[in-house]
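# Structural description and commentary
Residue-level listing of the chains:
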Number of protein chains: 2
Amino acid sequence: MAEYIESLQLLAEKFGRLEGVGKKTAMRMAFSVLELEPEDAQAFAKAILDAKEKIHLCPICQNLTDREVCSICADENRDHSVICVVTDARTVIAMEKVRDFDGVYHVLHGLISPMNGITPDQLKIKELLARVGNGDVGEVIVATNPTVEGEATAMYLSKLLRPLGIRVTRLAYGVPVGADLEYADEITLFRALEGRREV
Amino acid sequence: MAEYIESLQLLAEKFGRLEGVGKKTAMRMAFSVLELEPEDAQAFAKAILDAKEKIHLCPICQNLTDREVCSICADENRDHSVICVVTDARTVIAMEKVRDFDGVYHVLHGLISPMNGITPDQLKIKELLARVGNGDVGEVIVATNPTVEGEATAMYLSKLLRPLGIRVTRLAYGVPVGADLEYADEITLFRALEGRREV
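Quick caveat, the model's predicted, so the values are computed rather than measured.

## Some remarks on the pattern of salt bridges
Counted by the stated rule, this structure contains 16 salt bridges over all chains. Its salt-bridge partner being Asp-40 of chain B, residue Arg-17 of chain A comes within 3.3 Å of it at the nearest N-O pair. Of this pair, Arg-17 of chain A sits in the loop between helix 1 (6-16) and helix 2 (23-34) while Asp-40 of chain B sits in helix 3 (residues 38-54), placing the two residues on different chains. For Asp-40 of chain B, a relative accessible area of 25% translates into the label partly exposed. Where Arg-167 of chain B meets Glu-139 of chain B, a salt bridge forms, and the shortest distance between an N and an O atom there is 3.3 Å. Pair noted here: Arg-167 of chain B is in strand 6 (residues 167-170) and Glu-139 of chain B is in strand 5 (residues 139-142), with a separation of 28 residues, a long-range link. With a relative accessible area of 52%, Arg-167 of chain B lands in the exposed category. The class for Glu-139 of chain B is buried, based on a relative accessible area of 18%. Each of the salt bridges in this network shares a partner with another, and the network as a whole consists of Glu-13 and Arg-17 of chain A together with Asp-40 of chain B.

Below, the structure written as structure tokens:
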């Protein structure tokens, strides 16, 4: 029985520590590891250690990188006067897929959330202020999630940056492309109506 | 951008090799590893290597174990004359949770599936025959899934074992406890009706 196999239990427990992995999934993954070829299992273990060792935060935008400065901040073809502020590194990936944004990013690593004890000083806001402080930044696009925390953080940043003469914008609200209006919630519909544009 | 962070990509790819882990989940897990404490990441890598190294098949029942003989086969309080044949090690865990079964197990490590090129000789059937060959086994309960492959394997085992004077049984079909009859499929209902018992 797996409950008696200590090393399997231990491995499942490690998988269970990852975000969004429940007990059953963790156990399934642990079993899956046993089915790997020995060299694949070794490569897996090495990949964990390598990723932990090599990846750190970009000193400019606070995004994850394995270089001194991340590839986006180092890219001279991008518009460094427009900063898109995001919650985490994953949002950067999502935004980059749009391919239409050629500015740079700033990763906050969280959202202001008094309920969870997360205050502005725990986020990378000081670093953002330092970046806009040198005067080259014209616009900050706040691309936080449309949730209470996302809104609060956007509000906070807006109050902080507007006095410095910086244009602070927010992603548009509306019905998602391809969505069925019948199933859209009222608040989204209200926002979509409010933000309607001439066609 | 994560696409450019080679070690993160590599780690996500390793997670993606595990059963049931898609591309997005794998990337989320890789990010999750970055959030671990360094010592936890090291323990994770070690757990993978340890599990691979220590766990092997029990020479008797073919279940996974880290001992010479698995704890169930080594347990003298269990009834070694009743063997429950299961597809994989995970089913053993599920069966053990019932707590009412005190026989032993035999893990086939797969099901007969000509469509997928899996023939009886690729399963641990020889090992099962060797076990029942010594004459101490009275009953073999085939606990394979109620699927085409599960049925075919049960049929095959029955034809193989019955001539040796061994009672071959199968788990009962019926409506799952707590299910709504309205949503049960016809075949299940038919089987439940067929297997009806006096109350």
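## What about the relation of the copies chain A and chain B?
Of the transformation placing chain A onto chain B, the axial shift is 0.1 Å and the rotation is 180°, giving an RMSD of 0.1 Å. When the rotation and shift are considered jointly, the pair of chain copies conforms to a two-fold rotation axis. Residue Ala-45 of chain A of chain A places its C-alpha closer to the rotation axis than any other residue of that unit, at 2.1 Å. Take the interface residues of chain A: 100% of them recur as interface residues in chain B, which is what a same-surface contact looks like.

## So, the environment of Ile-112 of chain B
Residues and elements named next belong to chain B. Along the chain, the position of Ile-112 falls in the loop between strand 4 (103-107) and helix 5 (125-133). In this structure Ile-112 comes out as buried when scored by relative accessible area, which is 9%. The sequence separation of Ile-112 and Gly-150 amounts to 38 residues, and the corresponding C-alpha distance is 7.6 Å. In this view, Ile-112 contacts Ile-118, Pro-120, Leu-123, Glu-149, Thr-153 and Tyr-156; residues no more than four positions away in its chain are not counted.

## With respect to the nonpolar core
Formed by 50 residues in total, the largest nonpolar core has its most connected members in Phe-15 and Phe-44 of chain A together with Phe-15 and Phe-44 of chain B. Contributing elements (two or more residues each) for this core: helix 1, helix 2, helix 3 (38-54) and helix 4 (89-98) of chain A together with helix 1 (6-16), helix 2 (23-34), helix 3 and helix 4 (89-98) of chain B. Not counting chain neighbours up to four residues away, the residues in contact with Phe-15 of chain A comprise Val-21, Ala-26, Met-29, Ala-30, Val-33 and Phe-44 of chain A together with Phe-15, Leu-18 and Phe-44 of chain B.

## A short note on the sheet that holds strand 5 of chain B
Residue and element names in this part refer to chain B. Pairing in this open sheet of four strands is parallel, and the strands run 4-3-5-6 from one edge to the other. Of all strands in the sheet, those bounded by a partner on one side alone are strand 4 and strand 6. Averaged over all pairs of adjacent strands, the angle between their axes in this sheet comes to 25°, without regard to strand direction. Note that strand 5 and strand 6 share four bridges and pair parallel. Its bridge partner lying in strand 6, Ile-141 is registered against Thr-169. Where helix 4 meets the sheet, its contacts fall on strand 3 (79-86) and strand 4, and the angle it forms with strand 4 comes to roughly 160°.

## Some points on the domain arrangement of chain A
Examined at the domain level, chain A breaks down into domain 1 (2-54) and domain 2 (78-198). Here the C-alpha centroids of domain 1 of chain A and domain 2 of chain A sit 35 Å apart.

## Examining the interface of chain A and chain B
Between chain A and chain B, the contact holds 52 residues from the first and 52 residues from the second. For the pair chain A and chain B, the summed buried surface comes to about 4900 Å²; carbon and sulfur atoms form 71% of the total. Put simply, chain A and chain B have two salt bridges between them. At the level of elements, helix 1, helix 2, helix 3, strand 2 (64-65) and helix 4 of chain A are the ones that each hand at least two residues to the side of chain A that touches chain B. Here the side of chain A that touches chain B gets 14 residues from one element, more than from any other, and that element is helix 3 of chain A. Taken together, the residues of the side of chain A that touches chain B break down into 29 nonpolar, seven polar and 16 charged.

## Focus: the packing of helix 3 of chain A against helix 3 of chain B
The relative placement of two packed helices comes down to the angle between their axes together with the axis-to-axis distance. Running from N to C, helix 3 of chain A and helix 3 of chain B point in directions that differ by 175°, and their axes come no closer than 9 Å. The angle between the axes of helix 3 of chain A and helix 3 of chain B places the two elements in the roughly antiparallel class. Mapping the contact onto sequence places Pro-38, Ala-41, Gln-42, Phe-44, Ala-45, Ile-48, Leu-49 and Lys-52 of chain A in helix 3 of chain A and Pro-38, Ala-41, Gln-42, Phe-44, Ala-45, Ile-48, Leu-49 and Lys-52 of chain B in helix 3 of chain B. In terms of residue class, the contact of helix 3 of chain A with helix 3 of chain B is built from twelve nonpolar, two polar and two charged.

## Description of the sheet that holds strand 4 (residues 103-107) of chain A
All names here are of chain A. One open sheet accounts for four strands, arranged 4-3-5-6; its pairing is parallel. Strands at the two margins of the open sheet, each flanked by one partner only, are strand 4 and strand 6 (167-170). Averaged over all pairs of adjacent strands, the angle between their axes in this sheet comes to 25°, without regard to strand direction. Sheet topology places strand 3 (residues 79-86) next to strand 4; five bridges connect them, and they run parallel. If you follow Cys-84 over to strand 4, its bridge partner there is Tyr-105. Where helix 4 meets the sheet, its contacts fall on strand 3 and strand 4, and the angle it forms with strand 4 comes to roughly 160°.

Cut-off values and rules
Residues numbered from 1 in each chain as written. Chains lettered and ligands numbered in written order. Predicted model: local features only at pLDDT ≥ 70, side-chain atom pairs only at ≥ 80, totals over all residues. Heavy atoms only, no water. Salt bridge = Lys/Arg side-chain N within 4 Å of Asp/Glu carboxyl O. Helix = DSSP H or I, 4+ residues; strand = E, 2+ residues; numbered from the N terminus. Buried < 20%, exposed > 50% of the residue type's maximum accessible area, 1.4 Å probe, protein only. Least-squares fit on C-alpha atoms with pLDDT ≥ 70 in both. Contact = heavy atoms within 4.5 Å. Core = buried A, V, L, I, M, F, W, Y, C linked by side-chain atoms within 4.5 Å. Pairing = 2+ DSSP bridges. Axes fitted to C-alpha atoms, helices over the stretch in contact; angles between N-to-C directions. Domains from an automatic or database assignment. Buried area = accessible area lost by both parts, 1.4 Å probe. Nonpolar A, V, L, I, M, F, W, Y, C, P; charged D, E, K, R; others polar. Parallel < 35°, antiparallel > 145°, perpendicular 65-115°, else oblique.

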